[in-house]
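Here is how the chains run, residue by residue.
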Amino acid sequence: MPVLTYLWIIPLLPLLGAAANGIFGVRWPKNVISAVALSSTTLSFLLALEAVREFFTLSPNQIPWIRTYFTWISAGGFQADFALQVDQLTVIMLLVVTGVGWLIHIYSTGYMHDDPGFRRFFSYLNLFMFFMLVLILAANYLLMFVGWEGVGLCSYLLIGFFFLKQSATNAGNKAFWVNRIGDFGFLLGLFLIFRTFGSLDFSIVLPRAAGMTADPAGQIGTLTTIALLLFVGAVGKSAQLPLYVWLPDAMEGPTPVSALIHAATMVTAGVYMVVRSHAIFLNAPVAMQVVGVIGCATALFAATIGLVQTDIKKVLAYSTVSQLGYMFLACGVGAFGAGIFHLMTHAFFKGLLFLAAGSVIHAMGGEQDMRKMGGLRKKIPVTFWTMFMATLAIAGAPGFSGFFSKDEILNEAQRVSPVLWGLGVLTAGLTAFYMFRLLFLTFFGAERYDEHHVHVHESPKNMTIPLIVLAVLSVCGGWMAAPQLNGGVNHFQQFLAPVLATGAEPAAAAAEASGGGAEILQALFGAPVIAGLLGFFLAWWFYIKSPEAPKKLADSLSPLYKLFSGKYFIDELYQAAIVHPLVWISDKVLWHAVDERAIDGTVNGVAFVSRETGDRVRRATTGNIRSYATWIVLGVLVFTSLLLWMVD
Amino acid sequence: MVPTSYFLVLSAVLFGLGVIAFIFKRNILTIFMSIELMLNAVNLAFVSFSRLLGQLQGQVFVFFVIVVAAAEASVGLAIIILIHRNRGTLDVENVDSLKD
């Protein structure tokens, strides 16, 4: 098993690519740079495929496959190894990250072709792949945290990629700072895990957590505290309420970055971390409730904002926040497998949506406002058809990947709480509405751009081929998890079962119920689909049938419209409640009082005292030889008499 | 035999005169001469102790002092000549430009 033994090669290759382009790439032409970046990710993807093939030859007792390469930190009773791990969960993440990452690298060679920061872009993108792979391959929480921080760094660098634009650098800073809050919680969670279990290795912590007695419902014990702290980290990284504010702003980065980092991979790291720690969460009912409620609330909240956005990427950004909410909803109701399944299908269709949006922006010469598009269907057919597939997938059209994953989540939610289910269905309707709104505004209707200045053109092959591949995945990616197609067997859940069944009673019960409750399934199948259809028809009515209707509706529901388009004024609230006081304290207290008065005052005071003393003492130096001689004589007399006095 | 204390008192008186002259005189040449006076007062002290203790080291040291004084005189006089040439005066009150 060559690749599984030398697992570190998979993350190392993108790191080498990043280093090569970053250090030596200055003088290289663009085709060499893209060749380096592409070959490193291609090789990484191929090796990941080989690793998965080898994984399937392992016997069940060899899983999880853990390889310890060296001891990283050893201090007292604390030990953290550079150890990588592969189990069924890792396999899925590995394929998603390397596969989608590879496609987006190909796409980027076309999209970024005329950008002066070509080398910098690929260097950062490869570095991101390295950290993301470390994150998912890590066998302990500390190494995972390294990847976690690393992807945060790359996210910051790539959001602020167009660093001459003030809004881009602000967005980068915002992402970094908001993530600090989440990472702080994650780090505290790690400390508490180490205190409780004496280790940070998954293979030690998780079985022990599963073996502990669960915290009683409604009480916050150690496990609940750990789970909640970890979830704070996930909330930051995966842009959930109340820390989601950085993700919409992150759209300042180049579009492939939005696709790879802010849709397909990095933002789902929080979901992955929660699923990885499911043994802890399952014994913490309060934390589970919090996860479910926050996920559901975020899903609905972000979807309502998405309804009224006019920037094509902003719609997708809020949609991402909303879909991530679905994943946490799944985790919160104990359907971790469904969460990971939605993570995977979401990586396909949301990655595709962003790439297609990038293709539209490319075709429009940089225009992102949907009000200035329209009627592009015939001019960029490949982009249109692939984006159409992705829209159907995210809207949950029966048979498409998003349908199966969303349906599974809603079914599981229904088992736990009808309220969560109802809100989830409502969100599904909203999702269909805003996605078809996007599609109609962009590709249908009148052409609202200036034809003399905008030369709409289809994107080159290296951009359209990834679109087509992702479109196929968006359509077919969910079939393996469809009990309807596979004689009642959910292959995806079956595959994940060994990871998720570690003493997890609710998960087991859920698996059983999903097999047995076929009739309930049939009865509920309709609701999300009907909601989706309603959303579709509303979008069609508003944006195809009577294009003047949205304006009227916005006027008649003016307060609601203002609330949505103002994004609930959360940014303004944070600005007033957090940023302004911070700036005020920094300005008045830390700067003018502490820095200027206390620190500068001390330093300047020391200088002042020395100078004044020197000035006084200087006057003794008259330049007059006779006065010097007098001092010498006086000194000799004083010391001689002192000596004589001491001798006596 | 004359007691050693006589020589030492004489030496101290000569040294004290040298010091007083050094401090109160303004002419550089006079100050220079007062330095010579102090050096020779010390020489006298050396010789008288040498005689008292019956050892030669004191007398040898006197030769060293004389040699150093000769060297010092040659350099010092050269400096005095230069000062006179450059400033046209030998008053130490006017030679204080290092003060600032």
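Refer to the structure presented above.
Residues numbered from 1 in each chain as written. Chains lettered and ligands numbered in written order. Predicted model: local features only at pLDDT ≥ 70, side-chain atom pairs only at ≥ 80, totals over all residues.

Where do I start with the overall build of chain B in this structure?
Within chain B, the secondary structure is distributed over three helices and zero strands. The order of helices and strands in chain B, counted from the N terminus, is α-α-α. Against the globule reference of 13 Å for 100 residues, chain B gives a C-alpha radius of gyration of 17 Å, more extended than a compact globule. When the backbone C-alpha atoms are referred to their principal axes, chain B occupies close to 50 × 25 × 25 Å. The buried share of chain B, reckoned over its 100 residues, is 13%. Partitioning the contacts of chain B with sequence separation of at least 6, the portion at a separation of at least 24 is 48%. (Helix = DSSP H or I, 4+ residues; strand = E, 2+ residues; numbered from the N terminus. Rg over C-alpha atoms; globule rule 2.2 N^0.38 Å. Buried ≥ 20, exposed ≤ 12 C-beta atoms within 10 Å, placed from the backbone. Contact = placed C-beta atoms within 7 Å.)

Would you take a moment to explain the packing of helix α5 (residues 118-137) of chain A against helix α6 (residues 141-159) of chain A for this structure?
In a pair of packed helices, the angle between the axes and the distance between the axes together describe the arrangement. Residue and element names in this part refer to chain A. Two numbers describe how α5 lies on α6: the axes approach to 7 Å, and their chain directions differ by 155°. Here α5 lies roughly antiparallel to α6, going by the angle between them. By crossing handedness, the relation of α5 to α6 is classed as left-handed. Contacts between α5 and α6 pair Tyr124, Leu127, Phe128, Phe131, Met132, Val134 and Leu135 from the former with Leu143, Met144, Val146, Gly147, Trp148, Gly150, Val151, Cys154, Leu157 and Leu158 from the latter. Among the residues forming the contact of α5 with α6, the class breakdown is 15 nonpolar, two polar and no charged. (Axes fitted to C-alpha atoms, helices over the stretch in contact; angles between N-to-C directions. Parallel < 35°, antiparallel > 145°, perpendicular 65-115°, else oblique. Left-handed = near helix turned anticlockwise from the far one by under 90°. Nonpolar A, V, L, I, M, F, W, Y, C, P; charged D, E, K, R; others polar.)

Could you clarify how one ought to interpret the pairing of strand β1 (residues 65-75) of chain A in this entry?
For a regular strand, side-chain orientation follows a simple rule: the groups alternate between the two sheet faces. Here β1(A) lies mainly on the outside; zero of its eleven residues are buried. Linking β1(A) back to strand β2 (residues 78-86) of chain A in an antiparallel pair, the connection comprises two residues, with A:Gly76 at a positive phi of about 60°. (Pairing = 2+ DSSP bridges.)

What is the right way to look at unusual backbone geometry in this model?
The bulk of non-glycine residues show a negative phi, and the bulk of peptide bonds are trans. Residue and element names in this part refer to chain A. Proline 64 follows isoleucine 63 through a cis peptide bond whose omega is 0°. Structurally, proline 64 is set in the loop between α3 (30-56) and β1. Proline 242 follows leucine 241 through a cis peptide bond whose omega is 0°. For alanine 239, which is not glycine, the phi dihedral falls at a positive 55°. With respect to the element layout, alanine 239 can be found in the loop between α9 (222-237) and α10 (246-249). Although it is not a glycine, phenylalanine 569 sits at a positive phi angle of roughly 55°. For phenylalanine 569, the position within the fold is in the loop between α25 (558-565) and α26 (570-618). For phenylalanine 569, a count of 12 C-beta atoms within 10 Å gives the class exposed.

Explain the interface of chain B and chain A to me, please; I cannot follow it from the model alone.
At the junction of the two partners, chain B supplies nine residues and chain A supplies nine residues. Here the residues of the side of chain B that touches chain A are counted per class, giving five nonpolar, one polar and three charged.

The values are spatial; any link to function lies outside them.
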